[in-house]
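Spelled out, the chains give:
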Amino acid sequence: MTPLRILILAHPDLVPPDNMAELSEEEAYVWKTEYDVMKTLRDAGHEVSMLGVQTELAPIRDAVENWKPNIVFNLLEEFHGETLYAQNVVGLLELLRVPYTGCNPRGLMLARGKDLSKKLLKYHRVPVPAFAVFPMGMKVRRPARLKFPLIVKSLWEDASLGIAQASIVDTDEKLAERVAFIHKRLNTPAIAEEFIEGREIYVGCLGNDRLQVLPVWELSFSNLAEGSHAIATEKVKHDPIYQEKRGILQGPAENLPANVVTKIRTLAKRICHTLELDGYCRIDFRLSKDNVPYFIEANPNPEIAESQEFAQAAQHASISYSDLLNKIVTLGLKRAGVEV
Ligand SMILES: Nc1ncnc2c1ncn2[C@@H]1O[C@H](COP(=O)(O)OP(=O)(O)O)[C@@H](O)[C@H]1O
Ligand SMILES: [Mg+2]
């Protein structure tokens, strides 16, 4: 690939410090995605500049107009601290007519709402857990069709914010308590979904119109505490010491019947198309005991540190990390009609 000028957009707190290479793995953990992307693109010969943005739009416009990047590598997940605004920054990049990596703003919007995405997918015959939404300031009344156990989550926050063992509830009283917790702690509506007991399955997809589906991946829990449910809580996702203690591993999903693998891959593609996702995304399922893959959520622009699920699944499909980032860049350029 010919060397490009690449502008990485990231949260200002996530712009890696200059001494990154000297830090221990634990110290460097928070910046791992940004550092991996920056370093790998530089090592591949690109000219890379990283811009931390969160409250001001002018620096984005200035950098695009003055530095003239060939493409913006979008690692931004929020603006003004709001997850819901992330799509608007991509909207700005569209309006500035600068190519960018990852998902378009419509896809970001359709995937964001854990209710909206499920409504659209149900129409397209994708199995989804039954759910109900509990807006802020309204009394919690469970529809009779919604059976316990349920899992209570924020309607649109991600990174497992607010997800703990206590998210799984089996009485109306606990449901009301957990909904109140989400309202108060995350300041968003809550969604309660039928809890799907089973395996945690992730599927990475790469592409705009034609999709490449990465190997079916699994998060497994080999040493859970007595009585705990195997779910990706905040601690499971973000605490390396806890991960080690609880034997939390990610890797290729093993011993799946071939027809189940085919089903999961077909559903993943249908989900990407229905939700208008492009670039790269990860679709999350729970595979029930009777092997029905239930859609849990779509993650456009999933985390892509080299050690994380998406990049690991790519590596398993013989796509090196450097090739993966180059592919993501190429997809952004192609969508913008740039010859590559
Ligand atoms: N309906 C469900 N049934 C079983 N587990 C669920 C369900 N919804 C969420 N989970 C568990 O909670 C985790 C986080 O939920 P998710 O909706 O993906 O939120 P986030 O956007 O924060 O990642 C999932 O990875 C899964 O382990
Ligand atoms: Mg998730």
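What to know about the domain arrangement of the chain
Next, step 1: Looking at the assigned domains, one finds that the chain contains domain 1 (5-102), domain 2 (110-127 + 197-328) and domain 3 (131-194).
Next, step 2: Its C-alpha centre places domain 1 at a distance of 24 Å from the equivalent point of domain 2.
Next, step 3: Among the elements that line the side of domain 1 that touches domain 2, the one with the most residues is helix 2 (residues 32-43), at 6 residues.
Next, step 4: Classifying every residue of the side of domain 1 that touches domain 2 gives 5 nonpolar, 5 polar and 3 charged.

Considering the packing of helix 2 against helix 12 (residues 321-335)
Next, step 1: One can describe the packing of helix 2 onto helix 12 by two numbers: an axis separation of 10 Å at closest approach and a directional angle of 90°. Viewed along their axes, helix 2 and helix 12 adopt a mutual orientation that is roughly perpendicular. For the pair helix 2 and helix 12, the contacting residues are V37, T40 and L41 in the first and Y321, S322 and L325 in the second.

Considering the site of ligand 1
Next, step 1: As a structural note, the neighbourhood of ligand 1 is formed by 19 residues, with D158, E193, I196, I231 and A232 the closest of them.
Next, step 2: Within the residue set of the shell around ligand 1, elements represented by two or more residues are strand 5 (150-154), strand 12 (279-288) and strand 13 (293-300).
Next, step 3: Residues of the shell around ligand 1, tallied by class, amount to 10 nonpolar, 1 polar and 8 charged.
Next, step 4: A domain-level breakdown of the shell around ligand 1 finds at least three residues from each of domain 2 (110-127 + 197-328) and domain 3 (131-194).

Regarding the environment of D170
Next, step 1: For D170, the position within the fold is in the loop between strand 6 (168-169) and helix 7 (172-186).
Next, step 2: Using a count of 12 C-beta atoms within 10 Å as the deciding quantity, one classes D170 as exposed.

Considering the packing of helix 4 (residues 86-95) against helix 5 (residues 105-112)
Next, step 1: Look at helix 4 against helix 5: their axes get within 8 Å of each other, and the N-to-C directions meet at 170°. Classed by the angle they form, the pair helix 4 and helix 5 counts as roughly antiparallel. Relative to helix 5, the crossing made by helix 4 is left-handed. Mapping the contact onto sequence places A86, Q87, V90, G91 and E94 in helix 4 and P105, L108 and M109 in helix 5.
Next, step 2: Here the contact of helix 4 with helix 5 is built from residues that sort into 5 nonpolar, 2 polar and 1 charged.

Some details on helix 11 (residues 309-316)
Next, step 1: Taking burial as the measure, the 8 residues of helix 11 include 6 buried ones, the bulk of the element.
Next, step 2: Immediately beyond the C-terminal end of helix 11, within one or two residues, lies S318, with a positive phi of roughly 65°.

A closer look at the nonpolar core
Most often, soluble globular proteins have nonpolar side chains that are buried together.
Next, step 1: Among the nonpolar cores identified, the biggest contains 85 residues, and I6, I8, V152, V203 and I271 are the most heavily contacted of them.
Next, step 2: For this core, the element with the most residues is helix 12, which contributes 6 residues.
Next, step 3: Each residue touching V152, except ones within four places of it in the same chain, is listed here: S167, V169, L175, R178, V179, I182, A190 and A192.

Cut-offs applied
Residues numbered from 1 in each chain as written. Chains lettered and ligands numbered in written order. Predicted model: local features only at pLDDT ≥ 70, side-chain atom pairs only at ≥ 80, totals over all residues. Domains from an automatic or database assignment. Helix = DSSP H or I, 4+ residues; strand = E, 2+ residues; numbered from the N terminus. Nonpolar A, V, L, I, M, F, W, Y, C, P; charged D, E, K, R; others polar. Axes fitted to C-alpha atoms, helices over the stretch in contact; angles between N-to-C directions. Parallel < 35°, antiparallel > 145°, perpendicular 65-115°, else oblique. Contact = placed C-beta atoms within 7 Å. Near = placed C-beta within 6 Å. Buried ≥ 20, exposed ≤ 12 C-beta atoms within 10 Å, placed from the backbone. Left-handed = near helix turned anticlockwise from the far one by under 90°. Core = buried A, V, L, I, M, F, W, Y, C linked by C-beta atoms within 7 Å.

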